[in-house]
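Tertiary structure, described
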Amino acid sequence: MQDDREHPGPSAHELIRALRQLRQLPWNGRNPIENCTPSETMTLFCIRRATASNPAGVKASELSTMLNVASPTITQSVNLLAAKGLLQRSADPQDRRAVRITLTEEGMRLTGLAHDAMQERMTRLAAHLGSDRAHQLVELLRDVAAFFGGNPEPADGGPCRNSWNPPTTSKEGE
């Protein structure tokens, strides 16, 4: 085992500076979903993920749970995204009081473009780092998230929380 005095790790100051550098990157400028904030983009991706297993759509309350945000926040986001023509609301055929949210064709198209762009950027990053360093980065980021109490990433790499399970019938999950 090596003596830490020979190879001291980075100081707290260096770690903070490195994390600030990441935070200051122009992430928003790389968003292919035009005129959408990062939180609206995340909402679109969660709707896309939820409707993959339940084509009838997702309820606002379910979306709120998936994104771990308050219902009024989801309502505002859904209203804005509907006005942009990226999602639509429809009555639940099994429960007329319930409203289901799905992506429009344009919403599907744009989330597909955003997904492809992110995959391409991450493929380039992995190539830039090389296989060993890319795997090491993944492990380090998981360790950092766990240290700060973060939830594990969904198995499919999606942005939504693991704790939500799509209902198997229209009455479940209400």
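This one's a predicted model, so the numbers in the text were calculated from it and none came from an experiment.

What counts, and at which threshold
- Residues numbered from 1 in each chain as written.
- Predicted model: local features only at pLDDT ≥ 70, side-chain atom pairs only at ≥ 80, totals over all residues.
- Heavy atoms only, no water.
- Helix = DSSP H or I, 4+ residues; strand = E, 2+ residues; numbered from the N terminus.
- Buried < 20%, exposed > 50% of the residue type's maximum accessible area, 1.4 Å probe, protein only.
- Contact = heavy atoms within 4.5 Å.
- Areas by Shrake-Rupley, 256 points an atom, 1.4 Å probe, with all protein chains shown as cover.
- Core = buried A, V, L, I, M, F, W, Y, C linked by side-chain atoms within 4.5 Å.
- Salt bridge = Lys/Arg side-chain N within 4 Å of Asp/Glu carboxyl O.
- Axes fitted to C-alpha atoms, helices over the stretch in contact; angles between N-to-C directions.
- Nonpolar A, V, L, I, M, F, W, Y, C, P; charged D, E, K, R; others polar.
- Phe/Tyr/Trp six-rings, centres within 6.5 Å; stacked < 30°, edge-to-face > 60°.
- Pairing = 2+ DSSP bridges.
- Parallel < 35°, antiparallel > 145°, perpendicular 65-115°, else oblique.
- Patch = residues over 30% accessible without salt bridge, like charges linked within 9 Å, V, L, I, M, F, W, Y side chains within 5 Å.
- pLDDT = per-residue confidence, 0-100.

The next thing to look at is the overall build of the protein chain. When helices and strands are counted, the protein chain shows six helices and two strands. Across the 174 residues of the protein chain, 27% fall into the buried class. A sequence separation of at least 24 residues applies to 58% of the contacts in the protein chain between residues at least 6 apart. When the accessible surface of the protein chain is totalled, it reaches about 12200 Å², and 55% of it is carbon and sulfur.

Judged by nonpolar contacts, the single largest core of 20 residues is most densely connected at I33, L44, I47, L63, L86 and L87. Breaking this core down by element, the ones donating at least two residues are α2 (38-53), α3 (60-67), α4 (71-83), β2 (99-103) and α5 (105-129).

Turning our attention to the pattern of salt bridges. Taken as a whole, this structure holds seven salt bridges when the rule is applied. Salt bridges linked by common partners bring E62, D92 and R100 together as one network.

Below, the discussion takes up the packing of α5 against helix α6 (residues 131-147). The geometry of α5 relative to α6 is characterised by a closest axis approach of 6 Å and an angle of 115° between their N-to-C directions. Counted together, L125, A126 and L129 of α5 and S131, R133, A134 and L137 of α6 form the full contact between these two elements. When its residues are assigned to classes, the contact of α5 with α6 shows five nonpolar, one polar and one charged.

Per the stated rule, a full pass over the model turns up one aromatic pair. Taking the centre distance of 5.0 Å and the plane angle of 90° together, the rings of F147 and F148 count as edge-to-face. For the pair formed by F147 and F148, the shared burial category is exposed.

Right, let's talk about the pairing of β2 for a bit. Counting buried residues along β2, four of its five residues qualify, which places the element largely inside the surrounding structure. Pairing geometry for strand β1 (residues 87-91) and β2, over five bridges, is antiparallel. Bridged to A91 within β2 is V99.

This part takes up the packing of α2 against α4. The geometry of α2 relative to α4 is characterised by a closest axis approach of 10 Å and an angle of 85° between their N-to-C directions. The angle between α2 and α4 falls in the class roughly perpendicular. Touching E40, T43 and L44 of α2 are S77, L80 and L81, all from α4. Along the lines of polarity and charge, the residues of the contact of α2 with α4 split into three nonpolar, two polar and one charged.

This next bit is on a nonpolar patch on the surface. A cluster of nonpolar residues, M118, M122, L125, L137 and L141, forms a patch on the protein surface that exposes about 390 Å² of accessible area. Contributing elements (two or more residues each) for the nonpolar patch: α5 and α6. Ranked by residue count, the leading element in the nonpolar patch is α5, at three residues. Along the chain, M118 falls in helix α5.

Here we take up α3. Residues spaced three or four apart along an α-helix point in a common direction, a consequence of the helix completing one turn every 3.6 residues. Residues of α3 that are buried: E62, L63, S64, M66 and L67. Check the buried side of α3 and you find it contacts α2, α4 and β2. Following α3 by one or two positions, N68 adopts a phi angle in the positive range, close to 55°.

Here the protein chain shows a mean pLDDT of 82. Residues at 70 or above account for 78%. Of all the helices and strands in the protein chain, helix α1 (residues 12-23) carries the lowest mean pLDDT, 88, while β2 carries the highest, 95. Scored below 50 in pLDDT, residues 162-174 shows 28 contacts in the model against residues more than four places distant or in partner chains.

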